[in-house]
Amino acid sequence: MPETLTIGQLSARSGVAPSALRYYERLGLIRSQRTGGNQRRYARTELRRVAFIRISQQVGVSLEEIREALDSLPSSRTPTPDDWAALSRAWRDRLDEKIRLLGKLRDDLDGCIGCGCLSLQRCTLYNPADSLAAEGPGARLMLPGADPDRASA
């Protein structure tokens, strides 16, 4: 089994388009070496990094956050299970908060669909007259620490 992969092989094994792999490389998320003919060659260990990038993106982690996490891994050697475990521990609180917010979104949307928006005083998406604009962008009533009574005040 070859030690390195072409971009086509990495794409086929990871399920990520070559254009995305080139973009990840440009951002410093993955690394390649060049052959004498200037072709990219990826170490097999880059498959793990690509898998980490894909799953992280699917749960809403930004590429900048992913890059910061990957930068915590050693660059001079293949990361060990202990290296990956340390990265996982560093992300645990962030991921727990994302899980909590996803559950809240799911539950609140179930309520919205079920109520048909007949209870606007309790709706976490309703913001009459944009009264929450001064608090910042986004769904202010869905964010951590939100008080649903603020929009109706």
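The present account deals with the structure reproduced in this document. (Residues numbered from 1 in each chain as written. Predicted model: local features only at pLDDT ≥ 70, side-chain atom pairs only at ≥ 80, totals over all residues. Heavy atoms only, no water.)

Now for the pairing of strand β3 (residues 40–43). Here strand β1 (residues 4–5) pairs with β3 via two bridges, running antiparallel. Within β3, the residue paired with Thr4 across the bridge is Ala43. Relative to β3, strand β2 (residues 33–34) runs antiparallel, the two being bridged by two bridges. Of the residues in β3, the one forming a bridge with Arg34 is Arg40. What sits between β2 and β3 in their antiparallel hairpin is a turn of five residues, with Asn38 showing a positive phi close to 65 degrees. (Pairing = 2+ DSSP bridges. Helix = DSSP H or I, 4+ residues; strand = E, 2+ residues; numbered from the N terminus.)

Here three strands make up an open sheet; going across it, the order is β1-β3-β2 and the pairing antiparallel. Each edge of the open sheet is held by one strand with a lone partner, namely β1 and β2.

This part is about the environment of Thr4. Structurally, Thr4 can be placed in strand β1. In this structure the C-alpha to C-alpha distance between Thr4 and Glu46, which are 42 residues apart in sequence, comes to 9.5 Å. In this structure, Thr4 is in contact with Gln9, Arg41 and Tyr42, ignoring residues within four places of it in sequence. (Contact = heavy atoms within 4.5 Å.)

Turning to helix α4 (residues 63–71), a few remarks are in order. Along α4, the residues classified as buried are Leu63, Ile66, Ala69 and Leu70. Angular distribution of buried residues about the axis of α4 spans 120 degrees; they occupy a single face of the element. (Buried < 20%, exposed > 50% of the residue type's maximum accessible area, 1.4 Å probe, protein only. Arc of directions from axis to C-beta.)

Geometrically, a pair of aromatic rings is defined through the distance of the ring centres and the angle of the planes. What the rule picks out here adds up to two aromatic pairs. Ring plane angle 40 degrees and centroid distance 5.2 Å describe the contact between Phe52 and Trp91, whose orientation is recorded as tilted. Taken together, the residues Phe52 in helix α3 (residues 46–58) and Trp91 in helix α5 (residues 81–115) connect sequence positions 39 residues apart. Trp91 matches Phe52 in its accessibility class, with the two residues each being buried. An aromatic cluster is defined as three or more aromatic residues linked by ring pairs; in this entry it consists of Phe52, Trp84 and Trp91. (Phe/Tyr/Trp six-rings, centres within 6.5 Å; stacked < 30°, edge-to-face > 60°.)

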